[in-house]
Structures are given as C-alpha cells and as structure tokens.
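Here is how the chains run, residue by residue.
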Amino acid sequence: MSKTMTEKQVRENIEAKLSRQFGCTADEASREQMYKAAAMTVKDILTAKRTAYKNKVNEAGAKRVYYMCMEFLLGRSLRTNLCNLGLTEPYRAALSSLGFDLEDLYECEPDAGLGNGGLGRLAACFMDSLSSLDYPATGFSICYEYGLFKQMIVDGVQIELPDVWLPGGEVWLTPRTDRIFKVRMGGRVHEEWKNGHLEIAYEGGDVIEAVPYDMMISGADSDAVSLLRLWKARDIHNFNMGLFTQGQYTRALEESTNAEIISKVLYPSDNHTEGKLLRLSQQYFLVSASVQSIVRDHMAVYGTLDNFSDKVAIHINDTHPALCIPELMRILIDEYFFSWEKAWDTVCRTVSYTNHTVMPEALESWNEDLFRLKLPRIYTIVKEINERFCRDAWQSFPGNWDRISAMSIIGYGQVRMANLSVVGSHSVNGVSRLHSDILKSATFKDFHRMYPERFDNVTNGIAHRRWLCYANPRLAELLDNCIGTDYRREPERLLDFAKYADDKSVLEAIRDIKHQNKVAFSAYLMRKTGRSIDTHSVLDVQIKRLHEYKRQLLNALNIIGLYLDLKDNPDRDMQPQTFIFGAKAAPGYHMAKQIIRLLCYISRDIENDPKLREKLQVIFLEDYNVSLAEVLIPAAEISEQISLAGKEASGTGCMKLMMNGALTVGTLDGANVEMLAAAGKENMFIFGLSSSEVDELWTRGYHAATYYSNNERLKRIVNHLHIGFAGESFSEIAMYLLSGQGIADPYMCLADFESYRQTHEAVIAAYADKTRWNRMSLLNVAASGHFAADRSIEEYATRIWGLKKLSLEGN
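Residues numbered from 1 in each chain as written. Predicted model: local features only at pLDDT ≥ 70, side-chain atom pairs only at ≥ 80, totals over all residues. Heavy atoms only, no water.

A. Region of the structure containing the overall build of the protein. A count of helices and strands for the protein gives 35 helices and 23 strands. Taking 2.2 N^0.38 as the reference for a compact globule, 811 residues should give roughly 28 Å; the C-alpha atoms of the protein span a radius of gyration of 27 Å, in line with that estimate. Judged by the C-alpha coordinates and their principal axes, the protein covers about 90 × 75 × 65 Å. Buried residues in the protein amount to 61% of all 811 residues. Put simply, of all contacts in the protein between residues at least 6 apart along the chain, 76% involve residues at least 24 apart. Carbon and sulfur atoms form 48% of the exposed surface of the protein, whose accessible area is close to 31,000 Å². For the protein, the distance from the average site of its 92 positive side-chain charges to the average site of its 105 negative ones is 2 Å. (Helix = DSSP H or I, 4+ residues; strand = E, 2+ residues; numbered from the N terminus. Rg over C-alpha atoms; globule rule 2.2 N^0.38 Å. Buried < 20%, exposed > 50% of the residue type's maximum accessible area, 1.4 Å probe, protein only. Contact = heavy atoms within 4.5 Å. Areas by Shrake-Rupley, 256 points an atom, 1.4 Å probe, with all protein chains shown as cover. Lys, Arg positive; Asp, Glu negative; His and termini not counted. Charge placed at Lys NZ, Arg CZ, Asp CG, Glu CD.)

Next comes the structure, spelled out in structure tokens:
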C-alpha cells in the first residue's frame, strides 16, 4: 500500500498537514514545521497499517508478545520509517518540490530520550525485527520527559543537563487518554476472606494515573507495525485549587508535580534513599500500568483469562520489570479471584526473563523495609512467593539452608529481583553463549540444578537494515551488486560475500568505501565540534557506557605509551592513529568520570603539540547517541571490545562495527567468542586472559604491583599519571591501579596490558598491508549476518514465546 504512493500524493498529504496543523503553506513553513508535517504523514501511514494488522491478529486469535524494558534507545524515527516503508525517494522528491531537503529535515529530529546504552538499543533493534518478521508485538516503557541526560564536557568534567527531546520528538507520539490506568503505591492494606475469596481494602497511599503515549514501530517490507506504549505519570488529584486560592502557590504546585516526577528522568541517581524510592516507584509504575493494559486488551478480545498464557507472552528485559510477576499475581487473585495455584501457573507460563549481567553488584535488590513501605500489597505477594519457593527448594536441597538462603527472593533484609525473575519465569536466557554458561555454572548455578529446563541462550543481534543498509548505503550498494538484495531480508545471506575475498576490484571498493565514510565522519565532526580527523590515520573506536569493566582505562594506558614514544622522538616513523571515544558515565560514578577527564586531558595535551598531532589524536565525543553512531560506525576501522573476560554479557556495538567492516581488538568475552568462531581467528585480534584464567588469578591472588614492577614500559606509563597531562595530575587513577581502596586494579588492566600492547602492534602491522586488511574487513562483513536481530527474534519466537508469524495475506 505505502510503496505505491507517488510524489504527488506525498506532497498533497504534507501540504494538508501544514494547513490543518500549522495554518500555513509550504512557502511559509519553517524547517521544524515541515519536518513535523512530514513526520505526521508517515505516522498516519503507520497507524493505518497498524490498525489493519491488529484487526488481523484479533481475528486469528494469535498469540502476541509484550516486551517490557526500562529503556528503548530508538534514535531518530523519520529516516528509519521512510526506509522501512520504501518511501524515501517519493518523500525526497516531494519535499524538494516544496523547497526543502530531506537530509536537512532529518537533522530537525532529536534522538528520542528513552534510553541509555546497550539494553535500550537491543530493545529497539528487537522491536524493529518483530515488525519486519510479522510477529504480533507491543513494547512497554516510560515516556521520560528528560531522558537520561544530555552530556556536556567542560574542562574534562562531565556535566549532566536535561535532555529536552519532546518538543521535536512528540510528533511520533499519540496520547491515548481512553486507556488511562491507575497505579497505587504506599498506604496500608487490609485483607479479609469473604464469599470464599480474599478481599483487599486499601487505606491511604498515593494513586497515580498512567497515561499511555503510543509510538508506531515500522518493519521493513512487512505488514506488521509494532506498538511501543510509553507511560507518563499524572497526579490523579490534579491541581490543588484550595491551596492556590489561599496563596500557597508553591505547595499547590508541589502536590500536582510529585507524581509526575516518576516519568521525568531515566535512571535517577540512587545513592540516596529518595533516589531508591523513585527508581522503585518507576519500576512498579511501568509494570502495573503495562500488566493492567495487557489484561484489559486480552479481556476485550477473549472475555476470559483462562487462556491468558496461551495467547500472551510477557518478556522482561533485565530485572527492572521483574515486578510484573507479583503484579500479574495481584490482578489474577485480587480482581479475578484466581486461586493461588492457578494464578501462579498462569504467571510462570506467561513470563520469560533475559538476564543481562553476571556482576553481583548489578543484580538488583531492594531494601525490604523500603519495599514493604512503598508496595505493601506487592510485598505480601512476594513474601508468599518466597515462602512457597523455599519449601520447594527444601525438596531439592534438603537441609542446605545456606544454599536456600542464597536462592531466596527475600533474605538478609533485601528483596532480590533476579531471584524473583528466575523463580517466576518459564524461561531464563543469557545473551551470549559464554554469558549463558556463566549463568548456569556460577550466577544461577543452584537455580540451574533445580530448574535445568528453564535455562537457554539467545545471543544478541542488531537491526542489520538500520546499521548496515541505511547507515552505510555505500557498502549496501556494493553488497547489492555482488550478492543481490536477499540479505536485507535474510541476513545469513551475507555469507555469500566471502567468495569475493580475493577479488581485487571488490577489495579496492571496500577500501574506497571506508575512506569515503571516514571523510563523511570528519566533515560531520567539523560541523558539530569544529574539529576534524586525519582521514589517512587508522580510526580506532571505543563506544560504550563508561564503566571500569569495559576498560576504557586500558585503552588510555596504551595511548599514553604512544604519547610518551612521540614525546621521546617526535619524528618517530609511526602509522598515524586516531582514537575515538564515546561514552556517558552514570552521574554518581566517580571513577568513570575520572576516566573521562583523563581522556579529555590527554586529548588536550596532544592538541597543544602540533608535532604530536600529526601522528596521534584522541577525541572524546560529547553526548554520544544513536545518530552520532550512525555516522561513526561506518567509518570505524578498529573496534575496541576489551572488557575483562567474564564481565560483558554480550555487547551489540561489537556487532554493528563488525557488520560495517571494522576489525575487532578484543578479549574472549561476551559475543566476541561467537564472532571469533564466525569470522575465524585470522580475522580478529584476540588478547588477554580468558574468563577461566581470570578466575584462577583471583583464586591465586592478584597483585597488580607485580605487573607494574616487571614491565618498564607499563611502569613509566603509570608513573606519568602522577605528572599528568595539560597541567593536570591523575595520581588518583595511578593509586587506583596500584593500591586502590579494597582491591588494586579490580578489572586487571595491568595484567592484560602487555598482551594488549603487543596485539595493537600486530594490528598496525596488518593495517600496513592494505590487501590483507581489506580482505579481513570483507570477511568480517560476510560473517556478521548471524548477529542480526532477525535471527535472535526467530529464536525467541520459536523456543521461548511460542509465536507464529502473521501477515495480511494469511497465517
């Protein structure tokens, strides 16, 4: 339907929107008005497709998946939707005839402030694939007014500013005031048995309205359009006119905005009680509104909940939405009078859980007293779930109270979300083979002994159409010419590209495309920051959340070594290298912010020395986001995936970079292990300790100072941190590496340094052989099809959710 639209139809639709929405003609319209008018016409197309598809799903009685996540890192929507709908050229021509450039209008759209990092980007990729593969799906999250934060770097210091995205982004949102639900928190709960069932009465507390804002998620050349429903919190009592009339203006405003704080900011700092309460409130607000919406929609179609788990799959992406388990229990028991046993069976057959971390400190838990205070009814349900589970665990591990205590949902004054997620789900999966093995052998080993059939692996994947076809059109055109276009629908077909590994003309094309992309990125950087890069330098990229375990610091130590080499001999014969970093640090994460500061001051020091700058550049990209990534990733030549082995669950940036022809420098961690198997060890650069070697070293006793003392180059680098860069000392980081509070160098940067340094030398040697490098790049692209989100979604749909594809032509 949409692909048959002509330039004339598009133009008429846009002009009609301008007239109705803004009261102006195309000649009078501003860029922002034209962008919004164009976006509205695309939204109309998607809404019509969504309505037709939803009707088909209801008629067929098809099972659908509801994907819950605290974040969806969507980026911009206009380009992706036009590409998915096949309407880019009609819109380009129509807008040109109206005096506007489509590429220019893309820049009017802000990145949607709904996510932070890999978790949110994964969720966005999965929604894209669910639509593209014609699976019935709805996503749920919160409509954050200010997103995570907008990052500004001032003298090397990260400053957090509000990410004001809604003025340009709300054009994609449709408020559904006919679907408002009430969420209750706090107060007291009174239980009484009446007429053979438990009746619940509430006293006091807060009742908050959850107002849904719907966003359509298009698929590529598909019938399905998925829905992303975002909840905005609203005070049910609205404005207190009494207080305002009495002149108590501030109090009147406070009362009306307290509830609305819930949907203001993603991941508020939780290093204080108020922050913890707000995070808990956000999580319950999300799941309560979402589960009520799911139940309401199911009842509207089927009129009964007896078939709920046959028609509904609820997937919780990490532990943030884990409270959907007791919330669904609450609704089934309190509102539909299910017995406990029937309700629990329904919940367990409905819910599935993806774990995203093996780090104990990242497995969420809540103070029990705080939890009971904020969610009294949910607390009583969780307590009952825990007591029944502990009785079952006793049957599996009789007499082993220590083991059962570690597995319990409530223990030592904490409510453990990961344990709740495992106990209340029929499927628990990791996101790479290594990660899933660690879950079974370490993180959840006792649960695995008790429920071996629940554990699975689904390796992450990326939206290959967005990150290859749309972000890198030059490479996509080469692929189209070499292997045809089937890979756009069947990403595994990228393997066919491998047969061109010794074709000189194709290898030259690979090299030329990469250089053009580097030139484009340099121009983008100059436009945005006033800085440019040497496009003949090797572009080395590390783009991910700033966290100690991701080891941006290890990268920095190697850069300092190169810096000192050039200080010793500015005329040293050396391949020019440009190191690009993009990362945000959590507002309360001191060491992460110190590492950002170190990178910025190294950059400043080099920029102040013209001779050094000829051979070495370090650039920290301020406010790294999806739109920036879409320009940078096609230009990248080296992909830094250097986390300490055993710490990274999977990673998806590694896959995007691989698919665009960057070569990986990485540890045997996360998805690197499977990428190595796919591409071959001769086409990646692996270094460092394995996860088992890391465990053995911890067991023997890790002494960072030994590595420092036994490596003169490393010693000089760490010592130079005391001297510092651009007049600033970084003694704190040096001390962290050698005698940190608790454990020195907790992520083993010093242990892996020499292997990392030698590997980098091997990388630069390989880069000098252009034919070899281009061949390796081509083979990485060819091997990357397995890491498409389409493959991941097919595995979830068939093995975990039990979904069937549904197109308008038939089942």
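B. Just helix α28 (residues 672–679), in detail. All of the buried residues along α28 are Asn-672, Glu-674, Met-675, Leu-676 and Ala-679. Each element contacted by the buried residues of α28 is listed here: α18 (433–443), β21 (638–641), α27 (653–659), β22 (663–666), β23 (685–686) and α34 (770–783). Following α28 by one or two positions, Gly-680 has its phi on the positive side, about 95 degrees.

C. Structural view of the packing of aromatic side chains. Inspection of every chain in the model, using the stated rule, returns 21 aromatic pairs. Both rings, one in Phe-126 and one in Tyr-796, keep their centres 5.6 Å apart while their planes meet at 70 degrees; by these two values the pair is edge-to-face. On the criterion of sequence distance, the pair formed by Phe-126 in helix α6 (residues 118–132) and Tyr-796 in helix α35 (residues 789–801) is long-range, its members being 670 residues apart. Residues Phe-126 and Tyr-796 agree in their burial class; the two are buried. Through a chain of ring-to-ring contacts, the aromatic side chains of Tyr-67, Phe-72, Phe-126, Tyr-796 and Trp-801 assemble into a single cluster. Geometry around Tyr-601 places Arg-604 over its ring, the cationic atom sitting 4.7 Å from the centre. Here the guanidinium or amino end of Lys-715 rests over the ring plane of Tyr-708, the centre of that ring lying 5.9 Å away. (Phe/Tyr/Trp six-rings, centres within 6.5 Å; stacked < 30°, edge-to-face > 60°. Lys NZ or Arg CZ within 6 Å of the ring centre and 35° of its normal.)

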